[in-house]
Amino acid sequence: MGAHGVKAVFFDLDNTLVDTAAAGRRAIEEVINALQSKHHYGEGEARVICDKVQAKLLKECHDPAKMCITDLRISHWEEAIQETIGGEANRNLAAECYFLWKTTRLQHLTLAEDTRGMLTELRKGVRLLLLTNGDKQTQREKIEACACQPYFDAIVVGGEQKEEKPAPSIFHYCCDLLGVQPAECVMVGDSLDTDIQGGLNAGLKATVWLNKAMTTPVDTSPVPHYIISSVLDLPAVLQKMEHKINAKLGTDHMASSNEAH
């Protein structure tokens with residue numbers, strides 16, 4: 001990138017660089033199989049339990065000062081089993097389900113080869129930072145599982161900071177880490193509410209929304225500067241931005257030359 005252009009790119013992790021949703025689906029299928037084959041639950045019951053857990057994960061409010069994420073998520077499984085089957089709470093079965101889900105999900109979290117190639121190429125011209133929301137332990141385990149550390153100049157986990165995305169403070173912290181200004185940075189992510197809104201709140205140069213399904217956002221959603229359907233389309237967007245900057249510099253230069261006469 002040119003000296004006047006983008007100096008750093010911030011990437012979201014989940015469902016941007018790695019397909020966490022797909023890994024989660026694989027993990028749920030493993031638990032359903034185990035509940036049927038090992039614990040003799042019917043398929044319907046097993047699926048209801050898993051559906052309940054997924055609903056609890058979506059609504060999850062975690063305060064690490066009060067409870068560790070492991071205990072909280074075992075409780076999700078314990079409640080889901082009890083709500084579905086009735087009877088006494090079964091903490092042991094809940095723990096077995098949780099650890100099978102967690103281990104399987106981590107096994108399927110991979111940074112695709114073409115994504116690794118793109119990051120390596122991008123890093124020749126700009127600094128790269130991974131910015132992910134979520135519990136410290138959970139996110140650090142994912143980062144380790146997909147072995148993405150070598151591709152980044154810095155990694156920032158929301159659960160380790162005072163505030164998470166979309167708060168401007170975490171973006172400004174990232175800028176300070178890399179020694180760059182917000183107006184020299186681009187945020188790339190799949191969430192309009194955290195990645196795009198956060199980038200806009202922080203006054204970044206541009207926001208790039210990864211919209212794999214190419215869905216139409218609701219009218220009240222924040223408006224990204226660019227939309228891509230694959231993270232591999234990002235280099236073309238950065239090039240487009242550089243052309244715009246260079247064209248503007250050319251125009252400004254011409255304007256100042258004209259004024260001189």
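Keep in mind the model is a prediction, meaning the values are calculated, not measured. (Residues numbered from 1 in each chain as written. Predicted model: local features only at pLDDT ≥ 70, side-chain atom pairs only at ≥ 80, totals over all residues. Heavy atoms only, no water.)

A few words now on the confidence of the model for the protein chain. Within the protein chain, residue pLDDT values average 93, and 93% of them lie at 70 or more. Note that pLDDT drops below 50 for residues 253–261; the model gives that stretch zero contacts with residues more than four away or on any other chain. (pLDDT = per-residue confidence, 0-100. Contact = heavy atoms within 4.5 Å.)

Mapping Glu184 onto the fold places it in the loop between helix 7 (168–178) and strand 4 (185–189). Glu184 sits in the buried class, given a relative accessible area of 18%. Among the polar contacts made by the side chain of Glu184, one reaches the main-chain amide nitrogen of Gln181 at a distance of 2.8 Å. Ignoring any residue separated from it by four or fewer positions in sequence, one finds Glu184 in contact with Gly5, Val6, Lys7, Ala8 and Lys205. (Helix = DSSP H or I, 4+ residues; strand = E, 2+ residues; numbered from the N terminus. Buried < 20%, exposed > 50% of the residue type's maximum accessible area, 1.4 Å probe, protein only. Polar contact = N/O pair within 3.5 Å; in protein donor to acceptor, adjacent residues only side chain to side chain.)

Take Leu35: it is sitting in helix 1 (residues 20–37). For Leu35, a relative accessible area of 1% puts it in the buried group. The spatial distance from the C-alpha of Leu35 to the C-alpha of Glu45 is 9.0 Å, given a sequence separation of 10 residues. Once you skip the residues sitting within four places of it in the chain, Leu35 turns out to touch His40, Tyr41, Ala46, Ile49, Leu93 and Cys97.

The next point concerns the side chain of Gln139. With respect to the helices and strands, Gln139 occurs in helix 6 (residues 136–145). Classification of Gln139 as buried rests on a relative accessible area of 3%. Of note is the side chain of Gln139, whose polar atom sits 2.6 Å from the side chain of Thr132. Only 3.2 Å separates the side chain of Gln139 from the backbone oxygen of Asn133, close enough to count as a polar contact. For Gln139, the contacting residues outside a window of four places in its chain are Leu13, Asp14, Thr132, Asn133, Gly134 and Val157.

This brings us to the pairing of strand 1 (residues 8–11). Neither face of strand 1 is exposed, since Ala8 and Phe10 on one face and Val9 and Phe11 on the opposite face are all buried. With four bridges joining them, strand 1 and strand 2 (residues 127–132) adopt parallel strand pairing. Along strand 2, the bridge assignment pairs Ala8 with Arg127. Two strands pair when backbone bridges link them, and strand 1 and strand 4 are joined in this way by four bridges, in the parallel orientation. By the bridge assignment for strand 4, Val9 is matched with Val186. (Pairing = 2+ DSSP bridges.)

Of all the positions in helix 8 (residues 192–201), only Leu192, Asp195, Ile196, Gly198 and Gly199 are classed as buried. Against helix 7, strand 4 and strand 5 (206–210) lie the buried residues of helix 8. With a side-chain oxygen lying 3.3 Å from the backbone nitrogen of Asp193, the N-terminal cap of helix 8 falls on Ser191.

Packing of helix 3 (residues 69–85) against helix 4 (residues 91–107) leaves a shortest axis separation of 8 Å and a crossing angle of 120 degrees. With respect to each other, helix 3 and helix 4 are oriented oblique. Handedness of the crossing formed by helix 3 with helix 4: right-handed. Residue-level contacts link Thr70, Asp71, Arg73, Ile74, Ser75, Trp77, Glu78 and Ile81 of helix 3 to Arg91, Leu93, Ala94, Ala95, Cys97, Tyr98, Phe99, Trp101 and Arg105 of helix 4. Each residue belonging to the contact of helix 3 with helix 4 can be placed in one class, and the counts come to 10 nonpolar, two polar and five charged. (Axes fitted to C-alpha atoms, helices over the stretch in contact; angles between N-to-C directions. Parallel < 35°, antiparallel > 145°, perpendicular 65-115°, else oblique. Left-handed = near helix turned anticlockwise from the far one by under 90°. Nonpolar A, V, L, I, M, F, W, Y, C, P; charged D, E, K, R; others polar.)

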